[in-house]
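Chain by chain, the residues run as shown.
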Amino acid sequence: MGLFSRKKIQSVDTMVNGANLVTLTKPQSLVAEQFRTIKTNITFMGVDHPIKALAFTSSNISEGKSTVTANVGVTWAQDNKRVLMVDADLRRPTMHSTFDLDNRQGLTTLLMDQEHVINSQDVIQATEVPNLDVLTVGPVPPNATGLLNSQRMRDLVATFEQMYDVVIIDVPPILEVNDTQVLSSMLDGVVLVVRSGVTQKVAVKRAVEMLNISKANLLGYVMNDVASGDDDGYGYGYGYGYGYGSVEPED
Ligand SMILES: Nc1ncnc2c1ncn2[C@@H]1O[C@H](COP(=O)(O)OP(=O)(O)OP(=O)(O)O)[C@@H](O)[C@H]1O
Ligand SMILES: [Mg+2]
């Protein structure tokens, strides 16, 4: 699926070392502030219909989904919301590394529990961040196709929405894994992460088409890696109102 990516980056950095939690390590930084803005904008999008369960996705891999997911989740928890983050990226999971958690059980444990004997509360783990719980990915079976695209996943999302104020799911890239399209339709909203200078417009267009076909509620996009002047080189902008021609963020 390399067709859509101009400079395909295949970083394993966040899988091994976890995402850079700048919202925890440098809460006063410009980038942390940008994550808070993303969270606030998403909250505003839910005035009519509250956004409780959402995901950040992207066209291709390594465009910043896990970094955005983890940091926006932290800002919600810092805002005293009860937050659950779910790692549903079965191919490139990161959350157990990011939050230094055990991964012997997780989402896959619940998805493969045909008899429904395992209580999700026994698999979800608290993190060191107050208000923030994580469901790590768990052991991934060799043939995991269809696990996310299932009634069981739909039921789990509904259960998590009852248990938490906000449920944020880290999903695979939409052009890489079919399940993401269906999973997106189970949520209140989806935000597309676009990596500045990397993601091609044609890839964004295709991702938007796929989200529309699955009737996902596309809330907007995060333009990742824009020049911010911050020490780390991390920069984020949030844009609205996707049209096929408009992939540039509004200022
Ligand atoms: N704004 C940014 N500035 C600089 N580096 C970034 C930025 N966002 C993400 N990165 C880096 O890019 C790499 C990929 O980020 P991340 O793992 O969050 O992306 P992803 O979309 O979740 O990837 P995957 O497809 O593997 O799940 C990581 O090394 C991360 O630290
Ligand atoms: Mg990721």
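Per an unreviewed UniProt entry, the chain goes by Tyrosine-protein kinase CpsD and derives from Limosilactobacillus gastricus DSM 16045. Here the chain is described in UniProt, under the heading Sequence similarities (unreviewed entry), as follows: "Belongs to the CpsD/CapB family."

Novice: Please provide a residue-by-residue account of the overall build of the chain, values included.
Specialist: Helix and strand counts for the chain come out as ten helices and eight strands. Classification of the 251 residues of the chain by burial places 57% in the buried group. Sequence-distant contacts in the chain: of pairs separated by 6 or more residues, those separated by 24 or more amount to 79%.

Novice: Please set out the site of ligand 1 residue by residue, giving values where relevant.
Specialist: The environment of ligand 1 is formed by 19 residues, the closest being T14, T67, R92, N224 and Y234. Within the side chain of N224, a nitrogen or oxygen atom sits 2.5 Å from a nitrogen atom of ligand 1. Bound to the protein, ligand 1 loses 92% of the 630 Å² it would expose on its own. Contributions of two or more residues to the shell around ligand 1 are made by α1 (13–17) and α4 (65–78).

Novice: Describe the pairing of strand β4 (residues 132–135), listing the residues and the values that go with them.
Specialist: The alternating pattern of β4 places L132 and V134 on one face and D133 and L135 on the opposite face, and all of these are buried. Here four bridges tie strand β2 (residues 83–87) to β4, and the two strands are oriented parallel to one another. Considered in β4, the bridge of V86 is made with L135. In terms of strand pairing, strand β3 (residues 125–126) meets β4 through two bridges, oriented antiparallel. Bridging across to β4, Q125 finds its partner in V134. What sits between β3 and β4 in their antiparallel hairpin is a turn of five residues, with N131 showing a positive phi close to 75°.

Novice: Give a description of the pattern of salt bridges that names residues and reports values.
Specialist: Going through the model one piece at a time under the given rule, you end up with six salt bridges. One salt bridge connects E33 with R36, and the closest N-O pair in it is separated by 2.9 Å. Taken together, the residues span about one helical turn, with E33 and R36 both in helix α3 (residues 30–45) at a distance of three residues. A residue is classified by how much of its surface remains accessible, and E33, at 39% relative accessible area, is partly exposed. Its relative accessible area of 23% is what places R36 among the partly exposed residues. In this structure, R104 engages D102 in a salt bridge whose closest nitrogen and oxygen atoms are separated by 2.6 Å. Looking at R104, the relative accessible area reads 66%, which means it is exposed.

Novice: Could you give an account of the side chain of T94, naming the residues involved and the relevant values?
Specialist: Structurally, T94 is set in the loop between β2 and α5 (95–98). What makes T94 buried here is its relative accessible area of 2%. Looking at T94, its side chain comes within polar contact range of the side chain of S66, at 3.3 Å. Sequence-distant contacts of T94, defined by excluding residues within four places in its chain, comprise T14, M15, G18, S66, D87 and D170.

Novice: Lay out the packing of α3 against α4 with the relevant residues and their values.
Specialist: Running from N to C, α3 and α4 cross one another at 75°; their axes reach a closest spacing of 9 Å. If you check the angle between α3 and α4, you find them roughly perpendicular. The residues of α4 that touch α3, namely those facing F35, R36, I38, K39, I42 and T43, are T67, V68, N71, V72, T75 and W76. Of the residues contributing to the contact of α3 with α4, the split by class is six nonpolar, four polar and two charged.

Novice: I'd like to hear about α3, residue by residue, with values.
Specialist: Between the first and last C-alpha of α3 there are 23 Å, a value that for 16 residues agrees with the 22 Å anticipated at 1.5 Å per step. Along α3, the residues classified as buried are V31, A32, Q34, F35, I38, K39, N41 and I42.

Novice: I'd like to hear about the side chain of T69, residue by residue, with values.
Specialist: Looking at the element boundaries, T69 is found in helix α4. Discounting residues that sit within four places of it in the chain, T69 has contacts with F56, M85, M95, I168, I169 and D170.

Novice: Explain the environment of G197 to me, using residue names and the numbers behind them.
Specialist: Summarising the element assignment, G197 is placed in the loop between β6 (189–195) and α10 (201–213). On the basis of relative accessibility, which here comes to 44%, the residue G197 falls in the partly exposed class.

Calculation notes
Residues numbered from 1 in each chain as written. Chains lettered and ligands numbered in written order. Predicted model: local features only at pLDDT ≥ 70, side-chain atom pairs only at ≥ 80, totals over all residues. Heavy atoms only, no water. UniProt positions renumbered as here; feature names shortened; annotations may be inferred. Helix = DSSP H or I, 4+ residues; strand = E, 2+ residues; numbered from the N terminus. Buried < 20%, exposed > 50% of the residue type's maximum accessible area, 1.4 Å probe, protein only. Contact = heavy atoms within 4.5 Å. Near = heavy atom within 4 Å. Polar contact = N/O pair within 3.5 Å; in protein donor to acceptor, adjacent residues only side chain to side chain. Areas by Shrake-Rupley, 256 points an atom, 1.4 Å probe, with all protein chains shown as cover. Pairing = 2+ DSSP bridges. Salt bridge = Lys/Arg side-chain N within 4 Å of Asp/Glu carboxyl O. Axes fitted to C-alpha atoms, helices over the stretch in contact; angles between N-to-C directions. Parallel < 35°, antiparallel > 145°, perpendicular 65-115°, else oblique. Nonpolar A, V, L, I, M, F, W, Y, C, P; charged D, E, K, R; others polar. Expected span 1.5 Å × (residues − 1).

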